[in-house]
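What follows is each chain in one-letter form.
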2 protein chains.
Amino acid sequence: METLSTARAHGGTQGLYRHASTATGTDMDFAVYVPDHSPGARLPVVTYLSGLTCTPANVVEKGEYRAACAALGLIFVAPDTSPRGPGVPDDPAGAYDFGLGAGFYLDATEAPYRGPYAMRRYIAEELPALIASAFPADATRQSIMGHSMGGHGALTLALAAPGRYRAVSAFAPIVAPSRVPWGEKAFTGYLGLDRAAWRRHDAVAMIEDGARLPALLVDQGDADPFLAEQLRPELLRQACAAAGIDLTLRLQPGYDHSYYFISTFMPDHLRWHAARLAD
Amino acid sequence: METLSTARAHGGTQGLYRHASTATGTDMDFAVYVPDHSPGARLPVVTYLSGLTCTPANVVEKGEYRAACAALGLIFVAPDTSPRGPGVPDDPAGAYDFGLGAGFYLDATEAPYRGPYAMRRYIAEELPALIASAFPADATRQSIMGHSMGGHGALTLALAAPGRYRAVSAFAPIVAPSRVPWGEKAFTGYLGLDRAAWRRHDAVAMIEDGARLPALLVDQGDADPFLAEQLRPELLRQACAAAGIDLTLRLQPGYDHSYYFISTFMPDHLRWHAARLAD
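For chain A, an unreviewed UniProt entry supplies the name S-formylglutathione hydrolase and the organism Sphingomonas morindae. What UniProt states about chain A under its Sequence similarities (unreviewed entry) heading is, verbatim, "Belongs to the esterase D family." As recorded by UniProt, the Catalytic activity (unreviewed entry) comment attached to chain A reads in full: "S-formylglutathione + H2O = formate + glutathione + H(+)".

Asks: Explain the relation of the copies chain B and chain A to me, and be specific about the residues and the numbers.
Replies: Of the transformation superimposing chain B on chain A, the axial component is 0.0 Å and the angular component is 180 degrees, with the fit at an RMSD of 0.0 Å. The two molecules are tied by a two-fold rotation axis, judged by turn and shift. Comparing interface residues between copies, 100% of those in chain B also sit at the interface in chain A, which points to an isologous, same-surface contact.

Asks: Which residues make up the interface of chain B and chain A, and what values go with them?
Replies: Taken together, the contact pairs 19 residues of chain B with 19 residues of chain A. Summing both partners gives a buried area of about 1,700 Å² for chain B against chain A, and 51% of it is carried by carbon and sulfur. The three residues of chain B that bury the most area against chain A are Arg8, Glu64 and Tyr260 of chain B, which together make up 37% of that side's buried surface. One can count two salt bridges joining chain B with chain A. With its nearest N and O atoms 3.3 Å apart, the salt bridge here joins Arg66 of chain A to Glu64 of chain B. Linking chain B to chain A there are 10 residue pairs in polar contact (both at pLDDT 80 or more). Per-element tally for the side of chain B that touches chain A: the top contributor is helix H10 (residues 259-277) of chain B, with four residues.

Asks: Report on the side chain of Arg141 of chain B, specifying residues and quantitative values.
Replies: Residue and element names in this part refer to chain B. Looking at the secondary structure, you find Arg141 in strand S6 (residues 137-147). A polar contact is formed between the side chain of Arg141 and the backbone oxygen of Leu277, at a distance of 3.0 Å. If we ignore the near neighbours within four places in the chain, the residues touching Arg141 are Arg42, Leu43, Pro44, Val45, Arg166, Leu277, Ala278 and Asp279.

Asks: Help me get a handle on the side chain of His269 of chain A, residues and values and all.
Replies: Residue and element names in this part refer to chain A. By secondary structure assignment, the location of His269 is in helix H10 (residues 259-277). Among the polar contacts listed, one links the side chain of His269 to the side chain of Asp219, at a separation of 2.7 Å. If we ignore the near neighbours within four places in the chain, the residues touching His269 are Met145, Ser169, Ala170, Phe171, Leu217, Asp219 and Arg250.

Asks: Now, about the sheet that holds strand S8 (residues 215-221) of chain A: what can you tell me, with residues and values included?
Replies: In a beta sheet, neighbouring strands are held together by backbone hydrogen bonds and run either parallel or antiparallel to one another. Pairing in this open sheet of nine strands is mixed, and the strands run S1-S2-S3-S5-S4-S6-S7-S8-S9 (chain A) from one edge to the other. The open sheet has two edge strands, strand S1 (2-9) and strand S9 (246-252) of chain A, and neither has a second partner. Here the average twist between neighbouring strands, direction ignored, is 20 degrees. Here strand S2 (residues 12-20) of chain A runs beside strand S3 (residues 27-34) of chain A; their pairing, made up of eight bridges, is antiparallel. Paired with Leu16 of chain A across the bridge in S3 of chain A is Ala31 of chain A. Relative to the sheet, H10 of chain B contacts S1 and S2 of chain A, its axis offset from that of S1 of chain A by approximately 30 degrees.

Conventions used here
- Residues numbered from 1 in each chain as written.
- Chains lettered and ligands numbered in written order.
- Predicted model: local features only at pLDDT ≥ 70, side-chain atom pairs only at ≥ 80, totals over all residues.
- Heavy atoms only, no water.
- UniProt positions renumbered as here; feature names shortened; annotations may be inferred.
- Least-squares fit on C-alpha atoms with pLDDT ≥ 70 in both.
- Contact = heavy atoms within 4.5 Å.
- Buried area = accessible area lost by both parts, 1.4 Å probe.
- Salt bridge = Lys/Arg side-chain N within 4 Å of Asp/Glu carboxyl O.
- Polar contact = N/O pair within 3.5 Å; in protein donor to acceptor, adjacent residues only side chain to side chain.
- Helix = DSSP H or I, 4+ residues; strand = E, 2+ residues; numbered from the N terminus.
- Pairing = 2+ DSSP bridges.
- Axes fitted to C-alpha atoms, helices over the stretch in contact; angles between N-to-C directions.

Rendered as structure tokens:
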């Protein structure tokens, strides 16, 4: 693991790191904020999954999470949104919503994406092991959150691994990718045309098929331009109601899809995570 | 005045605006955050002056001021750091520390900068009048703060206009530009070779020459790479001690010159301003 940069912030250390990933076969960058802590302490870890087009830099610069993480004693990990680098296939047309910056947190099964696009394995397995070995992290206390495509990632990774994440939340998540244009494009490209395979990567379908979470916090701006076509939180509400999942879904008046929205509610989410990550 | 963008954030509105400045003869962009407020309320205004190379976007994205401004009821104004646009002369070599992005918050007297480089007049007079007319601002309750070159701007504008700003603070300010390389280059270019004229734009010299402030808050990281050569806070400490100015100068261990440093101490500064801006 290579340290690209570190800076003192809110009493702790904000770092940017790079490592050679075995999951993706590429170098992967990620950001970690470690708050001030007692020598020998092991802190709980919140993993934040970013949305389409993002690198770790977006949430590091605009997410306003450090003050709350410092106050709550949380390590904050921000992975990249796809593999990158020489030989990694992109969207054939260079679109923003597929390929580089748009890995959708799944393990692709279709050529040419199968191989490097192994983001679920990377986020769920490889990166947490690295964090546990290189930072003062308590691997038994993990949680996950994300924005938009990253909200989809947080929901699906948590639904796929009961008990791994003690808390799950999302900002404006894609909740039913099989049924919206962003997801249909991505799943066709990464998973192929068999829609039965898509259901294992679609939060609403996973819940319909029996996957469960104890509780879930979702914030959604009602001025989000992607609300009606791509996000459709009502589908998550229906699925959670039918499954008896304790969903807190807050429609936030006037908020859009940007980091102005995310940063406003970030401290709320981190408090919600911290309460569930306490010893 | 043209609205370039607005977004809801922390219960208020973050906007980016453009207007044709009579002071500079150019279009100028600026950012304003207005917190949620009662109808008809007039709120105090904090003006934040950015450092070398910045536009308003830097502090808007990285400054982490909105939560505190929302809690304290402060309007936050972020002007640009120089005139820009067709015909505005830049550093002949395109350096980062002179010309575009480096106006030093003074009114240049030397050709070809005299004219568009009228940043003191712009910040002290034209922009506050526009803010008072277009936003729910109480023009009688203003304060000023800044970072690095913007800290120089905040100190010198406040020292030059006793009573105009109810509070003044700075992050890692250039306190004695006449005696450091950044300032010597800028003052030579904007003000010419007569060092007597420089003293009216140098905070330490202004204090030595009799200018006064009631109180001053300065944070400075001790891992700031510009500390010893460009910033020299000890000169401000000596000048304030000799003049009886109530300076709170905090050397912050491990902090650098970046927005990681600024954002850490931004809430402290805003509370300090709010206490002095109360009715």
